Amino acid sequence: MRWHGSAFCAVLVVLCIIANLSPAWSQDSVEARGWVRNSFGRIILDWPAPVGYRAAIEGRRLVVRFDRAFTTNFGELLPTLSSYLSGATISANGRVADFALKGRFFLKTYAKGKS
């Protein structure tokens, strides 16, 4: 089989597109949940397997950086923690969760199994 220049370019373009999409294929599907107690709110992200992370409050944002990319739906979490959070996003690379805080809060984190 002989490759013509335009056919080779078309195959190369398709391979580049697939390479750019591959991070989405490797994202973990994570369940986001939370609750409010008397003096604190809790965010729990349930992963399919344990994951490393670093969390910090930066101004009025809670920023959590994970060792792996993920996807989730914050739809149920935000109303539950509405006294603490005004929004939540995931970075383009899928490794950073950014929560907009409604006030100044202290942060305590811990991992428990896959959560």
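Everything quoted here is computed from the prediction, not taken from an experiment. (Residues numbered from 1 in each chain as written. Predicted model: local features only at pLDDT ≥ 70, side-chain atom pairs only at ≥ 80, totals over all residues. Heavy atoms only, no water.)

Visitor: Got a minute to help me understand the overall build of the chain in this structure?
Guide: Of regular secondary structure, the chain possesses two helices and eight strands. Along its sequence from the N terminus, the chain presents helices and strands in the succession α-β-β-β-β-β-β-α-β-β. The buried share of the chain, reckoned over its 115 residues, is 23%. A separation threshold of at least 6 residues defines the contact pool for the chain, and within that pool the share at least 24 residues apart is 53%. Summed over its atoms, the accessible surface of the chain is roughly 8,000 Å², and 58% of this surface lies on carbon and sulfur atoms. (Helix = DSSP H or I, 4+ residues; strand = E, 2+ residues; numbered from the N terminus. Buried < 20%, exposed > 50% of the residue type's maximum accessible area, 1.4 Å probe, protein only. Contact = heavy atoms within 4.5 Å. Areas by Shrake-Rupley, 256 points an atom, 1.4 Å probe, with all protein chains shown as cover.)

Visitor: How do you make sense of the pairing of strand 8 (residues 96–101) when you look at a structure like this?
Guide: Along strand 8, the buried face is formed by Ala 97, Phe 99 and Leu 101; none of Val 96, Asp 98 and Ala 100, which line the opposite face, is buried. Pairing of strand 7 (residues 85–90) with strand 8, which is carried by five bridges, proceeds in the antiparallel orientation. Note that in strand 8 the partner of Thr 89 across the bridge is Asp 98. From the end of strand 7 to the start of strand 8, which pair antiparallel, there are five residues, and Gly 94 there has a positive phi angle of about 75°. (Pairing = 2+ DSSP bridges.)

Visitor: What is the right way to look at the pattern of salt bridges in this model?
Guide: Two side chains that carry opposite charge are able to pair once their charged atoms sit near each other. Using the criterion set out here, one finds six salt bridges in the structure. Glu 58 is the salt-bridge partner of Arg 61, the closest N and O atoms lying 3.8 Å from each other. We classify Glu 58 as partly exposed; its relative accessible area is 31%. With a shortest N-O distance of 2.9 Å, Asp 98 and Arg 61 are connected by a salt bridge. Within this pair, whereas Asp 98 is found in strand 8, its partner Arg 61 is found in strand 5 (residues 61–66), the two being separated by 37 residues in sequence. Taking the relative accessible area as the measure of exposure, Arg 61 reaches 35% and is therefore partly exposed. Residues joined in a network through salt bridges with shared partners are Glu 58, Arg 61, Arg 65 and Asp 98. (Salt bridge = Lys/Arg side-chain N within 4 Å of Asp/Glu carboxyl O.)

Visitor: Sorry if this is basic, but what is going on with the sheet that holds strand 8 here?
Guide: The strands making up a sheet are joined through hydrogen bonds of the backbone, oriented either antiparallel or parallel. Spatially, 4-5-8-7 is the arrangement adopted by the four strands of the open sheet, whose pairing is antiparallel. Strands at the two margins of the open sheet, each flanked by one partner only, are strand 4 (53–58) and strand 7. On average, each strand axis in the sheet is tilted by 15° relative to the strand beside it, whichever way the strands run. (Axes fitted to C-alpha atoms, helices over the stretch in contact; angles between N-to-C directions.)

Visitor: Sorry, what's going on with the confidence of the model for the chain here?
Guide: Predicted coordinates in areas of low pLDDT are best not read in detail. Residues at a pLDDT of 70 or more form 78% of the chain, whose mean pLDDT is 84. Contacts for the low-pLDDT stretch residues 5–22, under 50 throughout, to residues beyond four places or in other chains number three contacts. (pLDDT = per-residue confidence, 0-100.)

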